[in-house]
Amino acid sequence: MSRWVLAYDGYDPETEGLREALCTLGNGCFATRGAGPESTADGVHYPGTYIAGCYDRLPAEIGGRRTDNADLVNMPNWLPLTFRADDGEWFDADAAHREDRLLSYRQELDLRRGVLTRLVRVRDRAGRTFRLAQRRIVSMDDPHLAALETTIVAEDWSGPLRIRSALDGRVVNAGVERYRNLPGDHLTRAEPTSQGGPEPLLLRASTVSSQIRIAMAARTRTTVPAHRTDVADRGWAGQDLAVDVQENAPVTVEKVVAVFTSRDRAVEECGEAALAAVTGAGGFDALLGAHTLAWTRLWRRCQLSVDQVEVQRVLNLHIFHLLQTVSEHSVDLDVGVPARGLHGEAYRGHVFWDELFILPFLTLRFPEIARALLMYRWRRLPAARRAAAAAGHRGAMYPWQSAADGREETQRVHLNPRSGRWLPDHTHLQRHVGLAIAHNVWRFYEATGDAEFLAEYGAEIMLEVARFFADLADYDRSTDRYRIRGVMGPDEYHDALPGRDTPGLDDNAYTNVLAVWVIRRALDALALLPEDRRTELSERLALTREEITRFEDVAAKTHVPFHDGVISQFDGYADLEEFDWDRYRERYGDIRRLDRILEAEGETPNRYKASKQADVLMLFYVLSPDELDDVLRHLGYDHGPALAARTIAYYLPRTCDGSTLSSLVHAWILAHTDGDEAWEIFLDTLRSDLTDAQHGTTPEGVHLGAMAGTVDLVQRCYAGISTHGGTLHLAPRLPPAVGELRLGLRYRGHWGIDLTCRQDLIRVALRPGAASPIHITYGAEDIEIQPGTSWQSPLRDGRPAAGGRLTETDLGPGRTERPG
Ligand code: BGC
């Protein structure tokens, strides 16, 4: 098995949606699902194309309520390409499959080069055999280009062959079954401008309310002379090419497509831009060459390897999809990272808190992309300030779901497909999203040392989020504590106390603890700024001494609930009933969507100690043990490893991993204590998209948080890397199943840090030519590594061994320790 190939043998309509999502090709600007070029949205296939940041809003009536609904728009489909013998039927894999005429079918995604290949043998109804080889790319070199190369061989006949190539703008958003009764018609359909003859096809469209103009141009060429006829219709630009084929003589059709929108830079009119780009573009091989080179460069910056081929393959798949969603090409686009990638329409392409799981990998490899994602948030500070003000608060209240302009996009009702009922949705009360954003800013600063970013943008985000939480906190005189009321934690199964009419919970421990941490870090950030910048920012934000005193007071006196010697998920959690896990598992098997099961039974998870996902346990993921202890100590609460162990043991069996993020967090936490169980959970998380473990969710879009999170887990948890206080800390915890782990990292502007971790050894090398030494902390040791040298220390069973001998080795001129 190759570490670089995702291959499917045979055609299976049942799992086609999953293949399409996993075989999506993209470049950070746009992405196209891996649907066959001849297919249309028909319940089996869903050929979606999504352009980063292109949302459109339509009024809707949902569950009897008038509302509006912003979608990441399904753009015109650039793929359509099919063929037939002149008097035969158009190629259709499904019909051929049903009628036993599909002789062979293989699909392969080459992760290293970003190429999707399909090899098909098919017989038409008249008994003529065709062999088809198709290659597809969405260029990582030129973010506006895509190309499809199709080679057709008539195996046992000669005669006229007709090829149809088109751009289809008659698409709608209909990729997710439970949203289908929402309006999805986001594109206006213009008559295509006929270029005539061999000129490229051009299709223009525009989104309905956001009025983004989109243009696609396609140039189709054949290796044999072709007679062309334009086939145009409203919203559809097509060309039929008639060629003569000889038995066993291949004919190649090459379709090169350019995609532009009015959001693009350096463009006057996107139709003209698309025509110019497609006219000037090279042929498939030239485009493939440049595209492969671009991917080679990306992979060089993503060095991360474990000595387990299958694990490595899935890690590569995850990195691949992450970089197809956000890349160097998206840096200038002012886009956030949609939780489900540009791979489908789940969650309508909205941006949640999932970047919390995504940024750490990017920060240590592509800090410029991480920074751009933080800038997406900074630019939406005005919207977050308005939201806070509308709720009667100071500071910035970031939306739980965000899209184009940063307003709250969370739906207010959602459908339980099990009961068919529309239910109130209170998930917008997850105010902790703002804490995640402020936390990400600080972590970015710690890892990159980018003081300019902190001074210009980051500190402002942190202070405005801190200000919102300091204002949201209510002082309770009777206990001399601050309380944060009426919010939801990450666990979406609890949105109110049983029997209470008002939605929201009080004192969600994750929110309260992280709020305190963020408030303190925001003050640290302010203190770090040069005096003139500090004064200027304080004046601009009208931050007074009095308000800072309030910050300090909230940070010292916020309430954290406890029960039975563990941190309580929220105030009142202790009184909830225990849930009968065994009975429900026996009855339903998969109970990850317990909320839907219970609601269909006329019940609610609010009654039970049963969580959808890590909530209190998020604290052990987001904060280091020292940081968590520090917050709890500062608040005057019990802390330390015994509390952590009890709290972890308490919540693990009370959580059903209804979100892929949850098992990721559990694998992370357990890696510190139970290597074997942690490894099994890690493997499950790793496979969750590949196998569509949640039964039907991956076809609607990949779970990018879990994808990036698994890769990050290997680097930050197994290799034990953390970045704070200006040094790189190492505390490896290699699972017994991994013999060797290798990473190439970027840290505070240093390229060329190579880390090798084996069960018996850890080694860090700084490549020759690095501008300055790096500082690492290992246990109680502070070590400086000079360029061209390496440092190593023995490990015992993948963990630091007492009395490890430190050695420094000269790598010698030109020698490097690159991970393989
Ligand atoms: C999870 C959220 C997550 C969202 C998008 C939900 O199912 O509960 O935590 O942000 O999916 O991935």
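What counts, and where the lines are drawn
- Residues numbered from 1 in each chain as written.
- Predicted model: local features only at pLDDT ≥ 70, side-chain atom pairs only at ≥ 80, totals over all residues.
- Heavy atoms only, no water.
- Helix = DSSP H or I, 4+ residues; strand = E, 2+ residues; numbered from the N terminus.
- Rg over C-alpha atoms; globule rule 2.2 N^0.38 Å.
- Buried < 20%, exposed > 50% of the residue type's maximum accessible area, 1.4 Å probe, protein only.
- Contact = heavy atoms within 4.5 Å.
- Areas by Shrake-Rupley, 256 points an atom, 1.4 Å probe, with all protein chains shown as cover.
- Pairing = 2+ DSSP bridges.
- Salt bridge = Lys/Arg side-chain N within 4 Å of Asp/Glu carboxyl O.
- UniProt positions renumbered as here; feature names shortened; annotations may be inferred.
- Near = heavy atom within 4 Å.
- Polar contact = N/O pair within 3.5 Å; in protein donor to acceptor, adjacent residues only side chain to side chain.
- Nonpolar A, V, L, I, M, F, W, Y, C, P; charged D, E, K, R; others polar.
- Core = buried A, V, L, I, M, F, W, Y, C linked by side-chain atoms within 4.5 Å.
- Domains from an automatic or database assignment.
- Axes fitted to C-alpha atoms, helices over the stretch in contact; angles between N-to-C directions.
- Parallel < 35°, antiparallel > 145°, perpendicular 65-115°, else oblique.
- Left-handed = near helix turned anticlockwise from the far one by under 90°.
- pLDDT = per-residue confidence, 0-100.
- Phe/Tyr/Trp six-rings, centres within 6.5 Å; stacked < 30°, edge-to-face > 60°.
- Lys NZ or Arg CZ within 6 Å of the ring centre and 35° of its normal.

Okay, the overall build of the protein chain next. Tallying secondary structure elements over the protein chain gives 21 helices and 34 strands in all. Taking 820 residues into account, the globule formula puts the C-alpha radius of gyration at 28 Å, and the protein chain, at 28 Å, falls close to it. The principal-axis extent of the C-alpha atoms belonging to the protein chain is close to 90 × 70 × 60 Å. Within the protein chain, the fraction of its 820 residues that count as buried is 62%. When contacts within the protein chain are restricted to residue pairs at least 6 apart in sequence, those whose partners lie at least 24 apart make up 68%. With the model as given, the accessible surface of the protein chain reaches about 29,800 Å², and the carbon-plus-sulfur share is 48%.

Either a parallel or an antiparallel arrangement is found when strands of a sheet pair, and the pairing is made through backbone hydrogen bonds. Read across the sheet, four strands follow the order E2-E3-E4-E5 without closing on themselves; strand pairing throughout is antiparallel. Two strands close off the open sheet at either side, each with one partner strand: strand E2 (25-26) and strand E5 (65-74). As paired elements, strand E3 (residues 30-32) and strand E4 (residues 49-62) share three bridges and run antiparallel to each other. Its bridge partner being in E4, Phe30 is matched across the sheet by Ile51.

Moving on to the pattern of salt bridges. In total, this model carries 71 salt bridges according to the counting rule given. A salt bridge links Glu328 to Arg301; the shortest N-O distance between them is 3.2 Å. Separated by 27 residues along the polypeptide, Glu328 in the loop between helix H5 (309-325) and helix H6 (355-363) and Arg301 in the loop between helix H4 (284-300) and strand E18 (304-306) bring together distant segments of the chain. The class of Glu328 is partly exposed, set by a relative accessible area of 26%. In this structure, Asp571 and Arg483 form a salt bridge, with 3.1 Å as the shortest nitrogen-oxygen distance. You can see Asp571 sitting in the loop between strand E24 (566-567) and helix H14 (581-588) and its partner Arg483 sitting in strand E22 (residues 481-483), a full 88 residues away along the chain. Note on Asp571: relative accessible area 29%, which makes it partly exposed. Among the residues examined, Arg483 registers a relative accessible area of 12% and is labelled buried. When salt bridges with common partners are traced through the structure, they connect Arg385, Arg394, Glu460, Glu464, Arg467, Glu536, Arg540 and Glu547 into a single cluster.

Quick look at the UniProt feature "active site" (unreviewed entry) in the protein chain now. Residues annotated in UniProt with the feature "active site" (unreviewed entry) correspond here to Glu492. Position of Glu492 relative to the elements: it lies in the loop between E22 and helix H11 (509-528). In this structure Glu492 comes out as partly exposed when scored by relative accessible area, which is 23%. In contact with Glu492, other than residues within four places in its own chain, are Trp400, Thr427, Gln430, Lys612 and Gln613.

The backbone of Asn248 shows a phi angle near 65 degrees, a positive value even though the residue is not glycine. With respect to the secondary-structure elements, Asn248 resides in the loop between strand E16 (236-245) and strand E17 (251-261). The class for Asn248 is partly exposed, based on a relative accessible area of 47%. Here Ala266, not a glycine, exhibits a phi torsion of approximately 55 degrees, which is positive. The class of Ala266 is exposed, set by a relative accessible area of 87%.

Time to look at the site of the ligand. Every residue close to the ligand is listed here: Ala339, Tyr347, Phe352, Trp353, Asp354, Trp400, Glu492, Lys612, Gln613, Ser659 and Leu661. Within the contact set of the ligand, an oxygen atom lies 2.9 Å away from a side-chain nitrogen or oxygen of Trp353. Glu492 has a polar side-chain atom sitting 3.1 Å from an oxygen atom of the ligand. In isolation the ligand exposes 310 Å². Once the protein is present, 94% of that is buried. Classifying every residue of the shell around the ligand by side-chain character gives six nonpolar, two polar and three charged.

Further remarks concern the nonpolar core. Counting residues in each nonpolar core, the largest one holds 231 residues, and the members touching the most others are Trp78, Trp353, Leu362, Met618, Phe682, Tyr718 and Leu741. Each of domain 1 (5-301) and domain 2 (351-591 + 622-646) accounts for three or more of the residues forming this core. Residue contacts for Phe682: discarding those within four places in its chain leaves Val311, Leu315, Ala667, Thr710, Leu713, Val714 and Tyr718. Listed in part, the 20 residues of the second largest apolar core include Leu145, Ala258, Ala274 and Ala281.

Those residues of helix H3 (residues 270-280) that fall on the buried side of the exposure criterion are Cys270, Gly271, Ala273, Ala274, Leu275, Ala277 and Val278. Looking at the buried residues of H3, the elements they touch are strand E10 (145-154), strand E13 (201-207), strand E14 (213-222) and E17.

By the bridge criterion, four bridges tie strand E19 (residues 413-416) to strand E20 (residues 421-424) in an arrangement that is antiparallel. Among the inter-strand pairings, Leu415 is bridged to a residue of E20, identified as Trp422. As consecutive antiparallel partners, E19 and E20 are separated by four residues, and within that stretch Gly420 has a phi angle of approximately 75 degrees, a positive value.

On to the packing of H5 against helix H20 (residues 675-687). A packed helix pair is summarised by two numbers, namely the angle formed by the two axes and the spacing between the axes. At a minimum axis separation of 10 Å, H5 and H20 run at an interaxial angle of 50 degrees. Taken as axis vectors, H5 and H20 run oblique relative to one another. Regarding H5 and H20, the two cross each other, and that crossing is left-handed. Contacts between H5 and H20 involve Val311, Val314, Leu315 and His318 on the former and, on the latter, Trp679, Phe682, Leu683 and Leu686. Broken down by class, the residue content of the contact of H5 with H20 amounts to seven nonpolar, one polar and no charged.

Glancing now at the sheet that holds strand E25 (residues 721-724). Read across the open sheet, the four strands follow the order E25-E26-E30-E31; overall the sheet is mixed. With one partner strand each, in any of the chains shown, E25 and strand E31 (781-785) form the two edges of the open sheet. Each neighbouring strand pair of the sheet contributes to a mean axis angle of 30 degrees, computed without reference to strand direction. Examined bridge by bridge, E25 and strand E26 (residues 727-730) share four bridges and lie antiparallel to one another.

The side chains of a regular strand alternate between the sheet's two faces. Within E4, 12 of the 14 residues are buried, leaving the element largely enclosed by the surrounding structure. Relative to E5, E4 runs antiparallel, the two sharing nine bridges. When the sheet's bridge partners are listed, Tyr55 is paired in E5 with Leu72. Hairpin connection, E4 to E5: the antiparallel pair is bridged by two residues, and Gly63 has positive phi, about 50 degrees.

What follows deals with the environment of Tyr482. Tracing the backbone through its elements, the reader meets Tyr482 in strand E22. On the accessibility criterion, Tyr482 (5% relative accessible area) is buried. In this structure the C-alpha to C-alpha distance between Tyr482 and Glu155, which are 327 residues apart in sequence, comes to 78 Å. When residues no more than four places from it in sequence are discounted, the contact partners of Tyr482 are Ala473, Asp474, Tyr475, Asp507, Arg550, Asp553, Val554, Lys557, Thr558 and His559.

Next up on the list: the confidence of the model for the protein chain. Of the residues in the protein chain, 97% reach a pLDDT of 70 or more, and the chain-wide mean stands at 95. Scored below 50 in pLDDT, residues 814-820 makes 20 contacts in the model with residues more than four places away or belonging to other chains.

Enumeration according to the criterion identifies 33 aromatic pairs in this entry. A centroid spacing of 5.5 Å and a plane angle of 85 degrees characterise the contact between Phe570 and Tyr573, whose relative ring orientation is edge-to-face. We classify Phe570 as buried; its relative accessible area is 1%. Take Tyr573: its relative accessible area is 0%, and that puts it in the buried class. Ring-pair connections join several aromatic residues into one group, and the members of that group are Tyr347, Phe352, Trp353, Phe357, Trp400, Tyr510, Tyr621 and Trp668. Taking the ring centre of Trp157 as reference, the NZ or CZ of Arg128 above it sits at 5.7 Å. Taking the ring centre of Tyr179 as reference, the NZ or CZ of Arg348 above it sits at 4.3 Å.

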